[in-house]
Amino acid sequence: VRECHYDYCVNELLPELVKLRDEGMIGHIAITEGSRSDPTHAMLTRAIADDLWDVVMLAFNAFNQSARDTLLPSAIKHDVGVDVMCENLRGRFKV
């Protein structure tokens, strides 16, 4: 989710997802970032602070470990599950 679309997700999509969770149709509600469009994790920083999401999926790999200091402590504090997305780096580096 791009940061510019976050409010739409919260206002339009999240209420429906909460209904499905409350009905037992889904177990957890998650949101994911775009690693290339949001390398500073601005959207997930906001999402964790909003305390609306059960799980976040964040970019974390050998080249982008900034989540270690920014997002992971906040996720622990807010009891938010973390799913790590490791981007396929094939073809990005030529040897």
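From a predicted model like this one, the values you see are computed outputs, not experimental measurements.

Peer 1: What exactly am I supposed to notice about the packing of aromatic side chains here?
Peer 2: Within a pair of aromatic rings, the relevant descriptors are the distance that separates the centres and the angle that separates the planes. Tallying each qualifying case throughout the model produces one aromatic pair. Centre to centre, the rings of Y6 and W53 are 6.3 Å apart; their planes meet at 50°, and the pair counts as tilted. Of this pair, Y6 sits in helix α1 (residues 6-22) while W53 sits in the loop between α2 (42-50) and β2 (55-59); the two residues are 47 residues apart in sequence, bridging distant segments of the chain. As far as burial versus exposure is concerned, Y6 and W53 are alike and both buried.

Peer 1: Please explain the pattern of salt bridges as it appears in this structure.
Peer 2: Oppositely charged side chains may form a pair once their charged atoms are brought near each other. A complete count under the given rule lists three salt bridges for this structure. One salt bridge connects D7 with R46, and the closest N-O pair in it is separated by 2.4 Å. Placement of the pair is D7 in helix α1 and R46 in helix α2, with a sequence separation of 39 residues. The partly exposed category is assigned to R46, whose relative accessible area is 32%. Of the charged contacts in the structure, one is a salt bridge between E16 and K19, with a shortest N-O distance of 3.4 Å. With E16 and K19 both in helix α1 and three residues apart, this pair spans about one turn of that helix. Since its relative accessible area comes to 45%, E16 is described here as partly exposed. Judged by its relative accessible area of 46%, K19 falls in the partly exposed class.

Peer 1: I would appreciate a short explanation of unusual backbone geometry in the present structure.
Peer 2: One can expect most non-glycine residues to show negative phi and most peptide bonds to be in trans. For H41, which is not glycine, the phi torsion reads 65° and is therefore positive. Checked against the element boundaries, H41 lands in the loop between β1 (30-32) and α2. With phi around 60°, D51 is a residue other than glycine that occupies positive phi space. Mapped onto the elements, D51 comes out in the loop between α2 and β2. Judged by its relative accessible area of 48%, D51 is partly exposed.

Criteria and cut-off values
- Residues numbered from 1 in each chain as written.
- Predicted model: local features only at pLDDT ≥ 70, side-chain atom pairs only at ≥ 80, totals over all residues.
- Heavy atoms only, no water.
- Phe/Tyr/Trp six-rings, centres within 6.5 Å; stacked < 30°, edge-to-face > 60°.
- Helix = DSSP H or I, 4+ residues; strand = E, 2+ residues; numbered from the N terminus.
- Buried < 20%, exposed > 50% of the residue type's maximum accessible area, 1.4 Å probe, protein only.
- Salt bridge = Lys/Arg side-chain N within 4 Å of Asp/Glu carboxyl O.

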